[in-house]
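One-letter residues, chain by chain:
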Amino acid sequence: MNLKGKTALVTGSTQGIGLAIAQALARQGADIALHGLCTVQEGEEQAARLSQDWQVRVHFVPADLSNAAEASALVGQVTAQLGGLDILVNNAGIQHTAPVESFPLEKWDAIQAINLRAPFLLTQAAVPELRRRGWGRIVNVASVHGLVGSVHKAAYVAAKHGLVGLTKVVALETATDRITVNAICPGWTETPLIEPQIQERAASHGGDRDAGVRDLLAAKQPNLTLLPTALIGEVVAFLCSEAASGITGASLPVDGGWTAQ
Ligand SMILES: NC(=O)c1ccc[n+]([C@@H]2O[C@H](COP(=O)([O-])OP(=O)(O)OC[C@H]3O[C@@H](n4cnc5c(N)ncnc54)[C@H](O)[C@@H]3O)[C@@H](O)[C@H]2O)c1
């Protein structure tokens, strides 16, 4: 695997799964556009660390993906700064849990905008650039919730199922262009995104976080282990490699057996 000379934009990559993906791609030699909602100073410090660790070019590009204009402009910004784009990883995402009858409309709208509309807008901007370069990779970070449902996650499950559908359509539209488009579908992964759900379960064990984690895993994830973010990063790096050039339109579970049940 070697991505030297390639440029990758990873949305939501200043922490969590996105940062692990940026690290895995940088380790393979790709130049990185690091993106997230943190301050410009934090983003630039993070970019400098990544650049130093792997001796690749790393630029921080801020954009609020709940804003359609900012999402649409992001690929152009990256192309201008890094001289092109070969790999787009749509990773940024948010979560909110509530029963469907009391699900707040503004949370529904925010989840659709960040988890589904932004990947569509970024893809729309990226595809002409990938075609121009004659090679490309798009990896959408969906979720097990792109494949199956869970209670209290109406907006998230709808958006992630949508992202799996978008992946298939764009894979078909680019199938003869040396571009692959795939989704990965992680199960419970150790990041801030799932902390409120851990704390909710911990509360019924007198605040014992480990017991909360055990509960969460026992309900859904057969390997009974929170996935380390680095594992997700390595799967994305594989999908970006030449070895994976025959895989397109797939939605790959990385879920400790969750969707085998
Ligand atoms: N953690 C899990 O168990 C898990 C499981 C399956 C899928 N996922 C998915 O993985 C992806 C990454 O999640 P994570 O767990 O690393 O979460 P996280 O909260 O650690 O990171 C989310 C990232 O998205 C960015 N982001 C959020 N709102 C944004 C906005 N309006 N504009 C721009 N950026 C924004 C944040 O800045 C952050 O960098 C998400 O799409 C999530 O749905 C996570």
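Heads up: the structure comes first, above all this text.
Residues numbered from 1 in each chain as written. Predicted model: local features only at pLDDT ≥ 70, side-chain atom pairs only at ≥ 80, totals over all residues. Heavy atoms only, no water.

## As for the sheet that holds strand β7 (residues 251–254)
Part 1 of the reasoning: Here we have seven strands laid out as an open sheet, ordered β3-β2-β1-β4-β5-β6-β7, and parallel in their pairing. Either end of the sheet is taken by a strand with one partner, and the two such strands are β3 (58–60) and β7. Adjacent strand axes in the sheet meet at a mean angle of 15°, parallel and antiparallel pairs treated alike.
Part 2 of the reasoning: Pairing geometry for strand β4 (residues 87–90) and strand β5 (residues 136–141), over four bridges, is parallel. When the bridges of β5 are listed, L88 appears paired with I138. (Pairing = 2+ DSSP bridges. Helix = DSSP H or I, 4+ residues; strand = E, 2+ residues; numbered from the N terminus. Axes fitted to C-alpha atoms, helices over the stretch in contact; angles between N-to-C directions.)

## Section: the pairing of β5
Part 1 of the reasoning: Counting buried residues in β5 gives six out of six residues, a clear majority hidden from the surface.
Part 2 of the reasoning: For the crossover from β4 across helix α4 (residues 105–133) to β5, the handedness is right-handed.
Part 3 of the reasoning: Taken together, the six bridges between β5 and strand β6 (residues 179–186) define a ladder with parallel strand orientation. The partner of V141 across the bridge, within β6, is I184.
Part 4 of the reasoning: Handedness of the crossover is the feature at issue here: the chain leaves β5, passes through helix α5 (residues 154–173), returns alongside β6, and the resulting connection is right-handed. (Buried < 20%, exposed > 50% of the residue type's maximum accessible area, 1.4 Å probe, protein only. Right-handed = clockwise from strand over helix to strand, strands pointing away.)

## A look at the environment of K107
Part 1 of the reasoning: Tracing the backbone through its elements, the reader meets K107 in helix α4.
Part 2 of the reasoning: On the basis of relative accessible area, K107 is assigned to the partly exposed category, the value being 37%.
Part 3 of the reasoning: On a C-alpha basis, the gap between K107 and H96 in space is 6.8 Å, while along the polypeptide they are 11 residues apart.

## Points about the site of the ligand
Part 1 of the reasoning: In the vicinity of the ligand there are 30 residues, among which Q15, N91, Y156, T189 and T191 approach most closely.
Part 2 of the reasoning: T189 places a main-chain nitrogen or oxygen 2.7 Å from an oxygen atom of the ligand.
Part 3 of the reasoning: More than half of the atoms of the ligand fall within 2 Å of the grid points belonging to the largest pocket.
Part 4 of the reasoning: Among the residues forming the shell around the ligand, the class breakdown is 15 nonpolar, 13 polar and two charged.
Part 5 of the reasoning: Counting residues domain by domain, the shell around the ligand receives three or more from each of domain 1 (7–187 + 228–253) and domain 2 (190–226). (Near = heavy atom within 4 Å. Polar contact = N/O pair within 3.5 Å; in protein donor to acceptor, adjacent residues only side chain to side chain. 1 Å grid on protein atoms, 1.4 Å probe; cavity = no way out; pocket = protein on both sides within 12 Å on 5 of 7 lines; lining within 4 Å. Sits in = over half its atoms within 2 Å of the grid points. Nonpolar A, V, L, I, M, F, W, Y, C, P; charged D, E, K, R; others polar. Domains from an automatic or database assignment.)

## Topic: the layout of surface pockets
Part 1 of the reasoning: Size it by volume and the largest pocket reaches roughly 780 Å³.
Part 2 of the reasoning: If you list the elements that add at least two residues to the lining of the largest pocket, you get α1 (16–27) and α5.
Part 3 of the reasoning: When residues of the lining of the largest pocket are assigned to their parent elements, the largest contribution, three residues, is made by α1.
Part 4 of the reasoning: Looking at the lining of the largest pocket residue by residue, the class counts come to 18 nonpolar, 18 polar and three charged.
Part 5 of the reasoning: Two domains each donate at least three residues to the lining of the largest pocket, and these are domain 1 (7–187 + 228–253) and domain 2 (190–226).
Part 6 of the reasoning: Here the second largest pocket is characterised by a volume of approximately 270 Å³.
Part 7 of the reasoning: Lining the second largest pocket are 15 residues; nearest its centre among them are V151, K153, Q197, E200 and R201.
Part 8 of the reasoning: Contributing elements (two or more residues each) for the lining of the second largest pocket: α6 (195–203) and α7 (209–220).
Part 9 of the reasoning: The residue makeup of the lining of the second largest pocket, split by class, is six nonpolar, five polar and four charged.
Part 10 of the reasoning: Summarising the domain contributions, the lining of the second largest pocket has at least three residues from each of domain 1 (7–187 + 228–253) and domain 2 (190–226). (Points joined across faces, edges and corners; volume = space filled by probe spheres on them.)

## So, the state of the cysteines
Part 1 of the reasoning: In this structure the tally under the stated criterion is zero disulfides.
Part 2 of the reasoning: A disulfide-free cysteine, C185 has its sulfur positioned 15 Å from the sulfur of C240, the nearest such atom. (Disulfide = S-S within 2.5 Å.)

## Quick word on the packing of α4 against α5
Part 1 of the reasoning: Interaxial distance between α4 and α5 falls to 8 Å at its minimum, and their mutual angle equals 15°. Accordingly, the angle class assigned to the pair α4 and α5 is roughly parallel. Seen from above, α4 lies across α5 with right-handed handedness. Mapping the contact onto sequence places W108, I111, Q112, N115, L116, P119, F120, T123, V127 and R131 in α4 and A154, A155, Y156, A158, A159, K160, G162, L163, L166, V170 and E173 in α5.
Part 2 of the reasoning: For the contact of α4 with α5, a count of residues per class yields 14 nonpolar, four polar and three charged. (Parallel < 35°, antiparallel > 145°, perpendicular 65-115°, else oblique. Left-handed = near helix turned anticlockwise from the far one by under 90°. Contact = heavy atoms within 4.5 Å.)

## Topic: α5
Part 1 of the reasoning: Taking 1.5 Å of rise per residue, 20 residues should cover 28 Å, and α5 covers 29 Å from first to last C-alpha, within 8% of that figure.
Part 2 of the reasoning: Here α5 has its buried residues at A155, Y156, V157, A159, K160, L163, V164, L166, T167, V170 and A171. (Expected span 1.5 Å × (residues − 1).)

None of the figures reported here should be taken as evidence of function without further support.
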